Amino acid sequence: MPDPASAIASWRFALPHTPVAVPLARALVRNTLADTGTPVDRHAAELLTAELVANAVQHTDGDEPIELVMGLAPTGQWQVEVHDRDPAPPAALRDPGAQSGPEAQNGPGAQDGPDRPNSGAPDPREVPERGRGLQLLRTLSAEAGYRSTPEGKAVWFTLRAG
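As a starting point, this report considers the structure included with it.

Judged by how many residues are buried, strand β5 (residues 152-159) sits mostly within the fold: eight of eight residues are covered. Judged from the seven bridges that link them, strand β3 (residues 78-84) and β5 form a sheet pairing that is antiparallel. The partner of W78 across the bridge, within β5, is L159. Judged from the seven bridges that link them, strand β4 (residues 143-149) and β5 form a sheet pairing that is antiparallel. What sits directly across from E143, in β5, is T158.

Right under this line is the structure:
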């Protein structure tokens, strides 16, 4: 993911470490995209954000807030990151063989998207109900991955404009 500091506009929200964070995150994405008129697939943005927030709530311990960071890149891409305090990477993004592009060269991270064949990805209809969120992430986003942060990790995705 491009450096969030390079975004032409960005938003940062602290969300409670509870299930109520999921609908809150969806509303924040929906309203921000509507207010800015950003030409991305708003349904995909909401769905993928909800999946990342739900994973952060479900798979991390503690009650520290989860952070939602959204931004509009100079390229027109919409960027979303969900920060949590657990340094462990998401299971579906752990495969170092899935790393490609600049993020793989700049440290921990994995990315995959519709422009890169995902030959090892199972058919979503054949995946158990748990684990479908990251499969959606890899399928619907332009890029997706994770990176270590001083406080834990950030799981991110981008969507293309248009």
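Having seen the model, we can carry on.
Here we take up the packing of aromatic side chains. Applying the stated criterion across every chain yields a total of one aromatic pair. Plain terms: the ring middles of W11 and W78 are 5.8 Å apart, the flat faces sit at 40 degrees to each other, and that makes the pair tilted. Within this pair, whereas W11 is found in strand β1 (residues 9-15), its partner W78 is found in strand β3, the two being separated by 67 residues in sequence. Overall, W11 belongs to the partly exposed group, its relative accessible area being 24%.

Residues V53, W78, L137, F157 and L159 are the most contacted members of the largest nonpolar core, which totals 29 residues. At the level of elements, α1 (21-36), α2 (42-59), β2 (66-72), β3, α4 (132-140), β4 and β5 are the ones that each hand at least two residues to this core. The element best represented in this core is α2, accounting for eight residues. Dropping the residues within four chain positions of it, W78 is found in contact with W11, T32, L33, T38, V40, A45, M70, G71, L72, F157, T158 and L159.

Another aspect to go through is the pattern of salt bridges. Tallied over the full model, the rule gives five salt bridges. Note that E46 and R26 form a salt bridge whose closest N and O atoms lie 3.4 Å from each other. Linking E46 in helix α2 with R26 in helix α1, this pair joins segments that are 20 residues apart in sequence. E46 gets classed as buried once you look at its relative accessible area, which sits at 9%. Two residues, E81 and R147, come together in a salt bridge whose shortest N-O distance is 3.0 Å. Within this pair, whereas E81 is found in strand β3, its partner R147 is found in strand β4, the two being separated by 66 residues in sequence. Looking at E81, the relative accessible area reads 1%, which means it is buried. We classify R147 as partly exposed; its relative accessible area is 27%.

Moving on, we come to α1. An ideal rise of 1.5 Å per residue puts 22 Å on 16 residues; α1 measures up with 22 Å between its terminal C-alpha atoms. By the burial criterion, the buried members of α1 are A21, V22, A25, V29, T32 and L33. The arc that holds the buried residues of α1, viewed along the axis, is 105 degrees, so those residues lie on one side. Residues of α1 that are buried in the fold lie against β1, α2, β2 and β3. Phi turns positive, to about 70 degrees, at G37, one or two residues after α1.

Looking at where H17 falls in the secondary structure, it is placed in the loop between β1 and α1. Judged by its relative accessible area of 14%, H17 falls in the buried class. At 3.0 Å, the side chain of H17 forms a polar contact with the backbone oxygen of G62. Setting aside anything within four residues of it in sequence, one finds H17 in contact with A56, V57, T60, D61, G62, D63, E64 and I66.

Conventions adopted
The residue numbering used here restarts from 1 in each chain and proceeds along that chain's sequence as written. Only residues with pLDDT of at least 70 get local features here, since the model is predicted, and only at 80 or more are side-chain atom pairs given and counted; chain-wide, interface and lining totals rely on the full set of residues. Hydrogen atoms and water are omitted, and side-chain values are computed over all heavy atoms in the structure. Burial classes: relative accessible area under 20% of the type maximum marks a residue as buried, over 50% as exposed, and values in between as partly exposed (1.4 Å probe, protein chains only). By definition, any uninterrupted DSSP run of H or I lasting at least four residues is a helix, any uninterrupted run of E lasting at least two residues is a strand, and each is numbered from the N terminus. Two strands pair if DSSP finds at least two bridges between them. Stacked, tilted and edge-to-face are the three classes applied to pairs of Phe, Tyr and Trp rings, where Trp contributes its six-membered ring and a pair requires centres within 6.5 Å; stacked means planes under 30 degrees apart, edge-to-face means over 60, and tilted covers the rest. Here, nonpolar core refers to any group of buried Ala, Val, Leu, Ile, Met, Phe, Trp, Tyr and Cys residues whose side-chain atoms link them within 4.5 Å. Contact between two residues is taken to exist if any of their heavy atoms lie within 4.5 Å; hydrogens are not considered. We define a salt bridge as a side-chain nitrogen of Lys or Arg found within 4 Å of a carboxyl oxygen belonging to Asp or Glu. To estimate how far a helix should reach, multiply one less than its number of residues by 1.5 Å. As used here, the arc belongs to the directions running from the helix axis to the C-beta atoms. Polar contact is the term for a pair of N or O atoms within 3.5 Å; when the atoms are in protein, one must be able to donate a hydrogen and the other to accept it, and sequence-neighboring residues count only if both atoms are side-chain atoms.

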